[in-house]
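Results of the structural survey
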Amino acid sequence: MSDKERRSPVAPAFILLATPGQLTAHNVYEILRSRNGGPLELDRILRELGDEQAATSTLAQEQLLEALSRDDKLRSTRGYRQRFSISGRSIRLRPPGNMAEQAIEQENEQVKEQLLKQLREVPPEVFEHIVAALFTAMRYEDVTVTRHSKDGGVDVRATLVAGGVMTVPTAIQAKRWSKPVTVKEIRELRGTLRAGTQGIIVTTGRYTKDAPNEALNDSLTPIHLINGHLLADLLTEHGIGVQASRLSLISLDLDALARITGRAEISTQGIPSPPSRDSKPRYYIEKMPSDRGGSLLDCIVSMTALADDQPTWDHYVARFQERFPTITRSDEARRRSRVLVSLGLVDFENDHMNLTLTGRRLLENPDSSFLLEIFLGRIAGAQEIESLSTSLTRAELRTRLQHASPAGLTPTQAVLVEKWLNHIKQSATSA
């Protein structure tokens, strides 16, 4: 995990923004990180979270999806990369960012450091008004900067309105400090609070190690803590002291290439029209990973396993050539490795290969029948050729395909699909 991830603002100590949804997102992140990034199905994640009864509840699964989506949106508004990739009913971690994303995150971190430096240099009363503006942006009501002579250590007063039903008076202490805030300052603020009032300390610096435990003492009025890092995140989220620009990042879409081009020989005539909304996309297939004997199922499982840790495509191709040393050219290795995309076993993001839920299932339970089901469901012409194979000998089928291939396939492509089908069935027979 990167330093940026370690500093991600979800630590339970800073409970002002650590909502149950954020803590859930943090726990899901840890679960997926311990599973090579996933993917995992929603019911499995809920079980891992210790909620066995809710695992099969559609409502609980939708609530989990909503919590993860909110967390990603929050991270985006604060200048961080989103963490989760959601596909149907499965979740995985996004791979490391590409160079552009990394550069943007690094620049955002530098701007936040400059923002904190500026805050430490403004007069105390200006800093208090900035804090007041922040809490106004966070939809607190009646936000007021207090008079210094009678503030009792409180710099800003506000009211938190929860759902239009409950109001919570809030006393905020703003500390334009570089030194750490200690237990002493927390106790002093707590001593000034009236009954029913919550306390918040906002600092441009940090807190001592024992400060969070004192702040969250169950037997005392809790004091919520915002350190400099979280303060910069909040100001960024609400556009105070910073401005955001938008630039679209493009990335390679091998899924689209697998659907459309498949092989270099495909002519304009051979490219099917885009699928309708009601039809499933159909993919073209590449040459087999190895024609030197052995089980095709074993080859596909081995290829899929090479993508288990989200390697870059270059790294994957190097692994592929180690596994299949007869494939000496890297461009050929790339073409053949694209079969995993066609079969829906991996997808690509930021030049990283990621296992799909289908790929994970194949690794956990290698089965030729499952591979055949995948092949028939995704590969263009597979169902038609499989249907023909039930009434024709293999030689007759080959002749038929040379003269009348399924719509959208050239004769060469049709024969390749038939070859795959035959090898998958052989794997099933020998199993």
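Data block above holds the structure.
Figured I'd write up the structure that's included with this text. (Residues numbered from 1 in each chain as written. Predicted model: local features only at pLDDT ≥ 70, side-chain atom pairs only at ≥ 80, totals over all residues. Heavy atoms only, no water.)

**What about the overall build of the protein chain?**
- When helices and strands are counted, the protein chain shows 19 helices and ten strands.
- Per-residue burial over the protein chain gives 46% buried out of 431 residues.
- Total accessible area on the protein chain is roughly 22,300 Å²; 50% of this is exposed by carbon and sulfur atoms. (Helix = DSSP H or I, 4+ residues; strand = E, 2+ residues; numbered from the N terminus. Buried < 20%, exposed > 50% of the residue type's maximum accessible area, 1.4 Å probe, protein only. Areas by Shrake-Rupley, 256 points an atom, 1.4 Å probe, with all protein chains shown as cover.)

**Description of the environment of Arg 400**
- Here Arg 400 shows up in helix α18 (residues 394-403).
- When its relative accessible area of 40% is taken as the criterion, Arg 400 is described as partly exposed.
- Distance in space between the C-alpha atoms of Arg 400 and Ala 414 is 9.9 Å, their sequence separation being 14 residues.
- Once residues within four sequence positions are removed from consideration, Arg 400 is found in contact with Leu 388, Leu 392 and Ser 405. (Contact = heavy atoms within 4.5 Å.)

**Topic: the packing of aromatic side chains**
- Tallying each qualifying case throughout the model produces five aromatic pairs.
- The interplanar angle of 40° and the centroid separation of 6.4 Å between the aromatic rings of Tyr 316 and Phe 320 together place this pair among those described as tilted. Pair noted here: Tyr 316 and Phe 320 are both in helix α12 (residues 313-323), with a separation of four residues, about one helical turn. Of the two residues, Tyr 316 and Phe 320, both sit in the buried class.
- Measuring from ring centre to ring centre gives 5.8 Å for Phe 375 and Trp 420, while their planes differ by 20°; the resulting arrangement is stacked. (Phe/Tyr/Trp six-rings, centres within 6.5 Å; stacked < 30°, edge-to-face > 60°.)

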